[in-house]
Amino acid sequence: MIKLEPAKCPSCGANLEVNKELSETICQYCGTTVLIQDAIQKYKIEISGKIEIDGVATENSQLIRANQFFSVGKYDDANKLYKNILKIAPTNAEAWWGIYMCENAIANYYGYRNNLGDTSKEIKANILENLLNNYAYKAIEYANDELKEKYKNNIIETEEYIQKVRTGFFNKKTLKELLFKKKK
Ligand SMILES: [Zn+2]
C-alpha cells in the first residue's frame, strides 16, 4: 500500500498528499511539476510556524485568564496559571509579577506566618524579601521600560518596610542605592 504524506505545493500553496517513494509529482491544482521533498518541507515549515503562533496565543490567553482569577481574589488559581505560563515563556515579566502578587496576597491572607505558624515584623520582612527576590525582581528584569517603572514604584513601600524592620529607621539614599543595585 502506498503511504501518502501531507505536503504543500511550493508554487500555489495547495494542500497535497504525496507518495514519498517518488521524486516528483504534478500538482493537481496548478499543474506545476513539484519536487516531493520540497513539498513535504514546505508543509513542515508551515506546521511548525502554526505551533509557534498557537504557543503565543496560549501564553496570552492564559495571562488574561490568570489576571481574571487574580482580580476576583482566586489567588491559587491565578498563581498556578502564571506558573504554567513560565513553563512556555520563562521571561514573561507579567507572569513573574503575577506570581509575586499572588504569593504576596496569599502570605498576607495568612498574616505572614512562617512554617511554624509564628508571626512577627521580622518574619514578615523575611517573607517579603524572599518574594521580592524570587519573583518581583525577576519581573523587573524582564519587563519593558514602562512596566519596569510601574513594578519598581509598586515595591518601594515593601522595600521601605523591610528596611525599617531591619535597621529601625529608613534612609532614602540607601533605598535608592539598593534599588539601583537590584536593577542591574
Ligand atoms: Zn500547485
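Structure shown above.
Rules behind the numbers
Residues numbered from 1 in each chain as written. Predicted model: local features only at pLDDT ≥ 70, side-chain atom pairs only at ≥ 80, totals over all residues. Helix = DSSP H or I, 4+ residues; strand = E, 2+ residues; numbered from the N terminus. Buried ≥ 20, exposed ≤ 12 C-beta atoms within 10 Å, placed from the backbone. Pairing = 2+ DSSP bridges. Axes fitted to C-alpha atoms, helices over the stretch in contact; angles between N-to-C directions. Parallel < 35°, antiparallel > 145°, perpendicular 65-115°, else oblique. Left-handed = near helix turned anticlockwise from the far one by under 90°. Contact = placed C-beta atoms within 7 Å. Nonpolar A, V, L, I, M, F, W, Y, C, P; charged D, E, K, R; others polar. Expected span 1.5 Å × (residues − 1). Arc of directions from axis to C-beta.

Participant: Let's hear about unusual backbone geometry: which residues, and what values?
Facilitator: Notably, Tyr112 is not glycine yet its phi reads approximately 50 degrees, a positive angle. As for its placement among the helices and strands, Tyr112 is situated in the loop between α3 (93-109) and α4 (121-142). Residue classification places Tyr112 among the partly exposed positions, given that 18 C-beta atoms sit within 10 Å.

Participant: I'd like a rundown of the pairing of strand β1 (residues 4-8), residues and numbers included.
Facilitator: Bridging between β1 and strand β2 (residues 15-19) involves five bridges; their strand directions are antiparallel. Within β2, the position partnered with Leu4 by the bridge is Asn19. If you look at the hairpin formed by β1 and β2, you'll find six residues sitting between the two strands, and Gly13 has a positive phi there, around 80 degrees.

Participant: Give me the lowdown on the packing of helix α2 (residues 75-88) against α3, citing residues and values where you can.
Facilitator: One can describe the packing of α2 onto α3 by two numbers: an axis separation of 9 Å at closest approach and a directional angle of 150 degrees. Relative to α3, α2 is oriented roughly antiparallel. α3 is crossed by α2, and the crossing has left-handed handedness. Contacts between α2 and α3 involve Tyr75, Ala78, Asn79, Tyr82, Lys83, Ile85 and Leu86 on the former and, on the latter, Ala95, Gly98, Ile99, Cys102, Glu103, Ala105 and Ile106. Considered class by class, the residues forming the contact of α2 with α3 number 10 nonpolar, two polar and two charged.

Participant: Give a detailed account of the environment of Thr158, specifying residues and quantitative values.
Facilitator: Relative to the elements of secondary structure, Thr158 occurs in helix α5 (residues 145-167). You can call Thr158 partly exposed: it has 17 C-beta atoms within 10 Å. Put simply, Thr158 and Leu132 are 26 residues apart on the chain and 8.7 Å apart in space, counted from C-alpha to C-alpha. When neighbours within four sequence positions are excluded, Thr158 is seen to be in contact with Leu128 and Leu132.

Participant: I'd love a proper account of the environment of Thr32, names of residues and values included.
Facilitator: Its place among the elements puts Thr32 in the loop between β3 (24-26) and β4 (33-35). Overall, Thr32 belongs to the partly exposed group, with 13 C-beta atoms counted inside 10 Å. With 21 residues separating them along the chain, Thr32 and Ser11 place their C-alpha atoms 7.1 Å apart. Setting aside residues up to four positions removed in sequence, Thr32 forms contacts with Cys9, Ser11 and Cys27.

Participant: Lay out α2 in plain terms, naming residues and giving numbers.
Facilitator: With 14 residues, α2 extends 21 Å between its outermost C-alpha atoms, agreeing within 8% with the 20 Å of an ideal straight helix rising 1.5 Å per residue. Taken together, the buried positions of α2 are occupied by Tyr75, Ala78, Asn79, Leu81, Tyr82 and Ile85. Buried residues of α2, seen end-on, are gathered within an arc of 165 degrees and therefore sit on one face of the element. Within α2, the exposed residues directed more than 90 degrees away from the buried face are Asp76 and Lys87.

Participant: Tell me about the environment of Gly98, and please be specific about residues and values.
Facilitator: With respect to the helices and strands, Gly98 occurs in helix α3. Along the backbone, Gly98 and Tyr135 are 37 residues apart, and their C-alpha atoms lie at a distance of 8.6 Å. Once you skip the residues sitting within four places of it in the chain, Gly98 turns out to touch Ala66, Phe70, Ala78 and Tyr82.

Participant: Requested: an account of the packing of α4 against α5, with residues and values cited.
Facilitator: Between two packed helices, both the angle of their axes relative to each other and the distance between the axes serve to describe the pair. Between α4 and α5, the shortest axis-to-axis distance is 10 Å and the interhelical angle comes to 155 degrees. As judged from the angle between their axes, α4 and α5 are roughly antiparallel. Here α4 runs over α5; the crossing is left-handed. Where α4 approaches α5, its residues Lys121, Glu122, Ala125, Leu128, Glu129, Leu132, Ala136, Ala139 and Ile140 are matched on the opposing element by Lys148, Tyr151, Lys152, Ile155, Thr158, Tyr161, Ile162, Val165 and Arg166. Each residue belonging to the contact of α4 with α5 can be placed in one class, and the counts come to 11 nonpolar, one polar and six charged.

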